[in-house]
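Examining the three-dimensional arrangement
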Amino acid sequence: MQKTKVLNKKKAINLRIKLIATYTLIVIAVVLVLQWVGFSYSSMVIKKNSLMYSEMLIHNVSSAIDDTFDEIDRLTQTLLLNEELANALATIQSPGDSGYEQKLNLISEAANSILSVRKDIDRIIIGNLNGFAFTSGPNNYVPEGYNMASESWYQAFMKQNSMFLAIAPHRNNFSTYHVFSGVRKIRTYSNPQVLGVIKIDLRSSVLDEICNKNDLGENSILLFDSEQRHAYSAGTSLTPEDYREIGGHLGGDANAKTGTMELGAGQASKIVNYVRSSYTGMYAALVVPEEVLFKDLKKMHSFTNTLAVICCLAALLLLVLNSFAVTKSIRIILKGIKRLEDGNLNLRIHVNTRDEFAVIADGLNHMVRKMKVLMAQNTEMQVKKKEAEMMVLQSQINPHFLYNTLDGIRMKALINKDDDTAFMIEQLSFMLRSTTNIRQEFVPLRHELAYINSYITLQNIRFRNKFELTVDLPEDLGSMIVPKFILQPIVENAVYHGLEVKKNDRRITVDSRIQDDKVWLMVKDNGIGMEKEQLQLVYEGLRTEPEETGSNIGLRNINSRLKLYYGEEYGLMIDSIRNEGTTVTLCFPLYKSLDAI
C-alpha cells in the first residue's frame, strides 16, 4: 500500500514538471514570436516611413536649389533686352579707349540692378570675348589681368549650345570659401551672336539655409555635380571614402533621376535617397545612418524585452501555483481510483474545486454508485437466468428424439405415398431445428429467408396455395449477419392479420434499400391494411416493454432487439393504408460478419 502511494506521488510530480515545462516553453515561444514579429514589423514601417520622408525631403531640397538657379537665370536674362549694354560689352576693351567710361557705367548699372534684387549675391563678373572682365558685389576682387577664358568651366561652356550653366559649389582661385554659380551667355534677341558672359556667385550659406530648414540631426545632405563629384554637404560630416562611394553609385545609371541605395553593412550601413535635377544636372542626396534610424526602436525593443522577461517570470510563478493546484486534485482522484481497484465501493472522492476535476470526481462517485446498482442487478439477473434455464430444460423435449420421430413419420408417409404429408413434416423439421437452437443469436440473412420460405410453404399446403412470397434482394445481401427470427413474426402477422381474410391474390414481397452503410429491409403485403387510428395503436404498442402481454408482442420484441443490439436510431417502422396493404421496414447496420457486431 505504501509503495502505491509513493508511485502515485511520483506520477503527480512528473505531471507537475511536465505542466510547468510545457507552459513555460509555450509562454517563452509566444513572447519571442511576438517580439520578433513586432520588431520586424516596426522596423519595416519605420524604414518605409523614413524612406518616404527622406524622398520628400530631398525632393524639396533639390527643388529649392533649382528655384535658386532659376531665379539667377531669370536675372541674367534681363540683360538680353538691353541693346546698349550688349553693344558696350562687345566694344569695350581698355581704359584708354574713347567712350570707355560711358560703356563701363552701362555695365556697372546692369550689375547693380541685379545686386539690388538679391542681397545674397557674393560677386558678379561680366566679361566679353576680348578678355575684359568687370566685377561687382561684396567680394569684387579679381587678380589684375584676370581673363575668364582661362577658366575650365568657361572653355567647356563655350563649346556647348546651352545658354545657361549651373556650377555646383566650389572654391575659386581668389576666395577662401565656397560659392555656387550661375553663368549665362550674353547676346541680344536681334543678334544671336554671343557677345560676352555674366557669372553670378552665391555663397554656400544660401545652400545652408535651404538644407537646414529641416532638423537634420545626424543625417547628411550632399550635393554632387553632373560628374558625380562631391561639391557640398550639410549636417553630419562623412569621410572622403563615403563621398566617393556614394558618388560612384550615383553614376551607375545615367538616366536615373531618383533612387534609393543602401551602403555598408551592420551598424555602419547607410540609406541614401537621391534625386538628379533635370535643370542643373546636379545630384542631391540625403544620407540616413541606419543606426540612427532604428535608435528609438532599439530603445523601445530593450524596454519591451525587460517587460517580456517580467511577464514571463510572473506567468511562470502563476503556472507553478496552478500546477500544484491541478496535481493536488489529480492525486486525490488517483487515490480514490486505487481504493476502487482494491474493491472499496463505499468510497467518496472529494475535490474542493469548481473545475473539470470536480466534475471528474463527481463522475467517479456517480460511476461507483451505478456500479453497485448494476452489480446488484446483475446478481439478480443471473439468478433469474438460472431459473429460466431450469424451466427451459424441464419443459424441453429431447430434440434428437423429436427429430428422429419426425423423420420416422416422414418415411412412413413416403412409404404410404403421402407426399404432401412427408413434405410438410420435412419443412416443420427444418423450422424446428432452427427454433430449438437457442445458443445461436445471429444468423446470415439467407437463413431467415429460408425460414420464412418454409413457413409460407407450410401455410400454402395448409390453405391450398393461397399465398405468394417474392424475395427481391441483391445476391450478396444473403450473407449479411442479422438477429435471429426477425422476419417470421412479421410474415406471420401479414398472413393472419392482413391476407387471411382475402379470397385471392395474397402476395408478400421482401425487398431492400442500402444507403450510408444502413440496410432497410421491407416486408410488404397487399392485405386489408389498417386505419390511421389502428396504426397509431400499433406504434404505441411498440414503445411498451417486450415482456408485457398483449397484441403485437412479436413486433415489440423485434423492435426492442434491434435497438438493443444496434442503438436507438435503428428499429422497426410500419406504414399501412386501408384496403391497400401494409409495409413493415426494418433498419439495421450493414454487417457482413458476426465479428463486426
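Check the entry above for the structure.
One structure accompanies this document, and this report is about it. (Residues numbered from 1 in each chain as written. Predicted model: local features only at pLDDT ≥ 70, side-chain atom pairs only at ≥ 80, totals over all residues. Heavy atoms only, no water.)

1. A look at the packing of aromatic side chains
Summed over the entire model, instances satisfying the criterion amount to eight aromatic pairs. Between the aromatic rings of Phe164 and Tyr279, the centroid separation amounts to 6.4 Å while the plane-to-plane angle is 25 degrees, which identifies the pairing as stacked. Here Phe164, found in strand E3 (residues 164-170), pairs with Tyr279, found in the loop between strand E9 (270-276) and strand E10 (283-289); they are 115 residues apart in sequence, far enough to count as distant. Among the residues examined, Phe164 registers a relative accessible area of 15% and is labelled buried. Since its relative accessible area comes to 35%, Tyr279 is described here as partly exposed. (Phe/Tyr/Trp six-rings, centres within 6.5 Å; stacked < 30°, edge-to-face > 60°. Helix = DSSP H or I, 4+ residues; strand = E, 2+ residues; numbered from the N terminus. Buried < 20%, exposed > 50% of the residue type's maximum accessible area, 1.4 Å probe, protein only.)

2. Some details on the sheet that holds E9
With respect to topology, five strands assemble into an open sheet ordered E7-E6-E10-E9-E8, the strand pairing being antiparallel. The open sheet has two edge strands with one neighbour each: strand E7 (230-235) and strand E8 (258-263). When strand polarity is set aside, the average angle formed by the axes of neighbouring strands in this sheet is 20 degrees. (Pairing = 2+ DSSP bridges. Axes fitted to C-alpha atoms, helices over the stretch in contact; angles between N-to-C directions.)

3. A look at the pairing of E7
The pairing of strand E6 (residues 220-224) with E7 spans five bridges and is classified as antiparallel. Counted as the bridge partner of Leu223 is Tyr232 from E7. The antiparallel hairpin formed by E6 and E7 contains five residues in its connecting segment, where Gln228 sits at a positive phi of about 65 degrees.

4. Comments concerning helix H15 (residues 553-566)
With 14 residues, H15 ought to run about 20 Å at 1.5 Å a step, and its terminal C-alpha atoms sit 20 Å apart, in line with that. On its buried face, H15 is in contact with strand E11 (442-444), strand E13 (481-483), helix H13 (488-499), helix H14 (532-542), strand E16 (571-577) and strand E17 (581-589). Backbone geometry just after H15 places Gly567 at a positive phi near 130 degrees. (Expected span 1.5 Å × (residues − 1). Contact = heavy atoms within 4.5 Å.)

5. Quick word on the packing of H13 against H15
One can describe the packing of H13 onto H15 by two numbers: an axis separation of 9 Å at closest approach and a directional angle of 150 degrees. Taken together, the axis directions place H13 and H15 in an arrangement best described as roughly antiparallel. Here H13 runs over H15; the crossing is left-handed. In this structure, H13 contributes Pro489, Ile490 and Asn493 to the contact, and H15 contributes Gly554, Leu555 and Ile558. Among the residues forming the contact of H13 with H15, the class breakdown is four nonpolar, two polar and no charged. (Parallel < 35°, antiparallel > 145°, perpendicular 65-115°, else oblique. Left-handed = near helix turned anticlockwise from the far one by under 90°. Nonpolar A, V, L, I, M, F, W, Y, C, P; charged D, E, K, R; others polar.)

6. A short note on the side chain of Glu151
The topology assignment puts Glu151 in the loop between strand E2 (133-136) and helix H4 (152-158). We note that Glu151 is buried and unpaired, the nearest opposite charge coming from Lys199 at a distance of 6.7 Å. Looking at Glu151, its side chain comes within polar contact range of the side chain of Tyr146, at 3.2 Å. (Lys, Arg positive; Asp, Glu negative; His and termini not counted. Salt bridge = Lys/Arg side-chain N within 4 Å of Asp/Glu carboxyl O. Polar contact = N/O pair within 3.5 Å; in protein donor to acceptor, adjacent residues only side chain to side chain.)

7. So, the environment of Leu319
Its location among the elements puts Leu319 in helix H8 (residues 295-341). By relative accessible area, which is 15% here, Leu319 ends up buried. Separated by 299 residues in the primary sequence, Leu319 and Ile20 have C-alpha atoms spaced 6.1 Å apart. Residue contacts for Leu319: discarding those within four places in its chain leaves Ile20, Tyr23, Thr24 and Val27.

8. Digging into unusual backbone geometry
Residue Phe485 is not a glycine yet carries a positive backbone phi of 60 degrees. With respect to the helices and strands, the residue Phe485 is situated in the loop between E13 and H13. Positive phi, close to 50 degrees, is recorded for Asp505, a residue that is not glycine. Tracing the chain through its elements places Asp505 in the loop between H13 and strand E14 (506-515).

9. A short note on helix H6 (residues 240-250)
Residues lying three or four places apart along an α-helix face the same way, a consequence of the helix completing one turn every 3.6 residues. Listed in full, the buried residues belonging to H6 are Asp242, Tyr243, Ile246, Gly247 and Leu250. The buried side chains of H6 occupy one side of the element, clustering within an arc of 125 degrees when seen end-on. Opposite its buried face, H6 presents the exposed residues Arg244 and Gly248, each directed more than 90 degrees away. (Arc of directions from axis to C-beta.)

10. Description of the side chain of Ser277
Assignment of secondary structure puts Ser277 in the loop between E9 and E10. Residue class for Ser277 comes out buried when judged on its relative accessible area of 4%. Among the polar contacts listed, one links the side chain of Ser277 to the backbone nitrogen of Thr280, at a separation of 3.1 Å. If we skip the residues at most four places from it in the chain, Ser277 touches Ser62, Asp66 and Met282.

11. Let's talk about the environment of Gly145
Structurally, the position occupied by Gly145 is in the loop between E2 and H4. Using a relative accessible area of 70% as the deciding quantity, one classes Gly145 as exposed. When the C-alpha positions of Gly145 and Phe132 are compared, they lie 8.6 Å apart, and in sequence the two are 13 residues distant.

12. What about the sheet that holds E3?
What the five strands build is an open sheet, ordered E2-E1-E5-E4-E3; its pairing is antiparallel. Sheet topology places E2 and E3 at the edges, where each strand pairs with a single neighbour. When strand polarity is set aside, the average angle formed by the axes of neighbouring strands in this sheet is 15 degrees. In this structure, E3 lies alongside strand E4 (residues 179-186), joined through five bridges in antiparallel fashion. Counterpart to Leu165 in the pairing with E4 is Val183.

Any link to function would need more than the numbers given here.
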